[in-house]
Amino acid sequence: MSTMVDPSVSPPTQIDGGRRPTTGSGRRHFFTWRDLVIPLVVAIAVGAEVYYLNTAKLSQIVESQMTFDRISDSTIEHVKLAFAVTALVLVASIPVGIAVTRVRLLEPFALLIANAGQAVPSIGLVAIVALVWEIGFWPVVISLTLFAVLPVLRNTIVGLDQIDPDIKDAARGMGMSPAGVLFRVELPLAVPVIAAGARTALVLAVATIPIGYFIGAGGLGDQLMQGIKLSRNQQMFAAALFVACLALILDWLGGIVERVLTPAGIR
Amino acid sequence: MLGLNEVELRRRIGYVIQQIGLFPHLTIAANIAMVPRLLKWDRKRISERVDELLALVGLEPADFRGRYPRQLSGGQQQRIGVARALAADPPLMLMDEPFGAVDPITRERLQSEFLGLQEQLKKTIVFVTHDFDEAIRMGDRIAVLRVGSHIAQFATPEEILQSPADDFVAGFVGEAATLKSLALHRLTMNDLAPPVDARAGLPEVPLGASLRDAVDAMLETGHDVVVVTDDGRSCGSVRMSDVLAKGGKAAANGAAARAGSGEAGELSS
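Engineer: Hey, could you run me through the overall build of chain A in this one?
Structural biologist: Scanning chain A for helices and strands turns up 10 helices and zero strands. Along chain A, from the amino end to the carboxyl end, the secondary structure elements read α-α-α-α-α-α-α-α-α-α. A burial count over chain A gives 45% of its 267 residues as buried. In chain A, once contacts between residues fewer than 6 apart in sequence are set aside, the share between residues at least 24 apart is 79%.

Given below as structure tokens:
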């Protein structure tokens, strides 16, 4: 057989065709001006509130409650609680999500528990955990973990399920072990979806922590609930605003972490 | 090979599938390097191998190494799929409808490019396709499978075209078996009439093109002769009357010509 040149064909170096590739090097800017919107809005809101607290006429009691030290201590405590809850949620739901995608029989049971955790009123959940255990930091963390498990569990399952079966087929076909397929292919590809679930859990935690006030959680919930109970509207408003801003900022940070963790090829 | 476990066995078979299945989160270099990494080659050897393979499939290594699959066209992606399958130099390749998902023009290009590649590689390739014309074009031997994966006929393309084993195979061959067999006959110096005077507008085909390409060129341009070129220079010609004279014998000659070159066993269903 002589050279296999087909007359209808151009030389190999020019061969191309089919789907158009995305343009050029394809790398979009990692940060854009959009990333500044949330911090800016939060900074303005917090700045305005601090200005108000410093200049408005507050009752003596409110003034003694709303010192910089107390607020910042509460905020730090609030952040600690939120991170503890989110960390526990991740540790609990990612392995379960992986297990569910391997052993499909587990799915209804796992989702039942996760759904129940979210369906039970969070204030009831907090009370139940406190009843059977004790009050303080960890009972709050545990009960809010139960509450926030669902988004991460569901996203882990969805994130793993949505991966193109052909990619997994190719991975197995070339001789990757099941663990290799999971860690080298499936999990990296599921990162954006799992991370989105984690952000939801984080925001849920920040917003629900004030309920832990009833069992001595600490955090900004103390300020908020005192403000409500004692009709100290300025205190209540300030605490609610700080909780909201905290949720926005942590979600924003989560978004950046998500981007860093997402492999460049699918960003 | 039978002593190996499933996972190790797979690492010794180059595997190309229709949907390509490149890893979208990894660069082209990392995609190609996957099996060598599983086999724990050292970095330098892997890196050299990646460059070698990219050059082999006609993609500039410096340009393509760091790209991601989504930045490539479908045809380029399938070539990376082939390069990835070849990475650890497996003795056997399994290609499952590798060109099924690309448009007809790209498919034709990839087919001829791959035939050229196979000239260098000389690997045993099991090539699965539902496209009988592709089977004729790519295969040295074709196994036609009937329902239940029973082999209906296992023979060279020429034999299948000329004497299908039964109605099922004949149905697979479809209409115009003689016309299809023209595609099997590659032009060699022995086939050629002396060069004709170069007239403007005469169709040209390169040496090694098939008789079908020659006929196609004649039909397209309305001439009854086609100039055969070797390295761009005229080395002979083929006339329509020669083709008619050979007629049904073309396939038989083609069969003889190909029997000597059957280094790759290709199956098709």
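Engineer: Got a minute to help me understand the nonpolar core in this structure?
Structural biologist: The nonpolar side chains of a soluble globular protein tend to be buried, and buried together. If you look at the biggest cluster of nonpolar residues, it comprises 55 residues, and the most contacted ones within it are Met176 of chain A together with Phe23, Ile32 and Met95 of chain B. If you tally residues by element for this core, the top one is helix α8 (residues 178-208) of chain A, at seven residues. Those residues in contact with Met176 of chain A that sit more than four places away from it in its chain are Ala171, Val181, Arg184 and Val185 of chain A together with Val7, Phe23, Met34 and Leu38 of chain B. Core analysis: the second largest hydrophobic core is formed by 40 residues, Met66, Ile71, Val126 and Leu144 of chain A among them.

Engineer: Where do I start with the pattern of salt bridges in this structure?
Structural biologist: When the charged atoms of two side chains with opposite charge come close together, those side chains can pair. A complete count under the given rule lists 14 salt bridges over all chains for this structure. The closest approach of N and O atoms between Arg199 of chain A and Glu258 of chain A, which form a salt bridge, is 3.0 Å. Here Arg199 of chain A is found in helix α8, whereas its partner Glu258 of chain A is found in helix α10 (residues 233-261), with 59 residues between them in sequence. Relative accessible area serves as the criterion here: at 16%, Glu258 of chain A is assigned to the buried category. Of the charged contacts in the structure, one is a salt bridge between Arg49 of chain B and Glu52 of chain B, with a shortest N-O distance of 2.9 Å. With a gap of three residues between them, Arg49 of chain B and Glu52 of chain B both fall in helix α4 (residues 43-56), about one helical turn apart. Residue Arg49 of chain B is classed as buried on the basis of its relative accessible area, which comes to 15%. One connected set of salt bridges, linked through shared partners, spans Arg104, Glu107 and Asp161 of chain A.

Engineer: How should the sheet that holds strand β8 (residues 233-239) of chain B be read in this particular structure?
Structural biologist: Residues and elements named next belong to chain B. If you walk across this open sheet you meet the three strands as β6-β7-β8, and the pairing is mixed. Of all strands in the sheet, those bounded by a partner on one side alone are β6 (204-206) and β8. Each neighbouring strand pair of the sheet contributes to a mean axis angle of 35 degrees, computed without reference to strand direction. Taken together, the six bridges between strand β7 (residues 225-230) and β8 define a ladder with antiparallel strand orientation. Bridged to Asp230 within β8 is Arg233. Each of β6, β7 and β8 touches helix α12 (residues 211-221); the most contacted strand, β7, lies at about 130 degrees to it.

Engineer: Teacher, can you tell me more about a positive patch on the surface here?
Structural biologist: On the surface, Arg184 of chain A together with Arg37, Lys40 and Arg43 of chain B cluster together to form a positively charged patch. Looking at the secondary structure, you find Arg184 of chain A in helix α8. The class for Arg184 of chain A is partly exposed, based on a relative accessible area of 31%.

Engineer: Sorry, what's going on with the sheet that holds strand β1 (residues 13-17) of chain B here?
Structural biologist: Either a parallel or an antiparallel arrangement is found when strands of a sheet pair, and the pairing is made through backbone hydrogen bonds. All names here are of chain B. The three strands lie next to each other as β1-β2-β3, forming an open sheet whose pairing is parallel. Looking along the sheet, the strands with just one partner apiece sit at the ends: β1 and β3 (124-128). The sheet shows a mean angle of 10 degrees between the axes of neighbouring strands, taken without regard to direction. Both β1 and strand β2 (residues 92-96) contribute to a ladder of five bridges, which runs parallel. Note that in β2 the partner of Tyr15 across the bridge is Leu94. Contacting β1 and β2, helix α6 (residues 74-86) runs over the sheet at an angle of about 165 degrees to β1.

Rules used in this analysis
Residues numbered from 1 in each chain as written. Chains lettered and ligands numbered in written order. Predicted model: local features only at pLDDT ≥ 70, side-chain atom pairs only at ≥ 80, totals over all residues. Heavy atoms only, no water. Helix = DSSP H or I, 4+ residues; strand = E, 2+ residues; numbered from the N terminus. Buried < 20%, exposed > 50% of the residue type's maximum accessible area, 1.4 Å probe, protein only. Contact = heavy atoms within 4.5 Å. Core = buried A, V, L, I, M, F, W, Y, C linked by side-chain atoms within 4.5 Å. Salt bridge = Lys/Arg side-chain N within 4 Å of Asp/Glu carboxyl O. Pairing = 2+ DSSP bridges. Axes fitted to C-alpha atoms, helices over the stretch in contact; angles between N-to-C directions. Patch = residues over 30% accessible without salt bridge, like charges linked within 9 Å, V, L, I, M, F, W, Y side chains within 5 Å. Areas by Shrake-Rupley, 256 points an atom, 1.4 Å probe, with all protein chains shown as cover. Lys, Arg positive; Asp, Glu negative; His and termini not counted. Charge placed at Lys NZ, Arg CZ, Asp CG, Glu CD.

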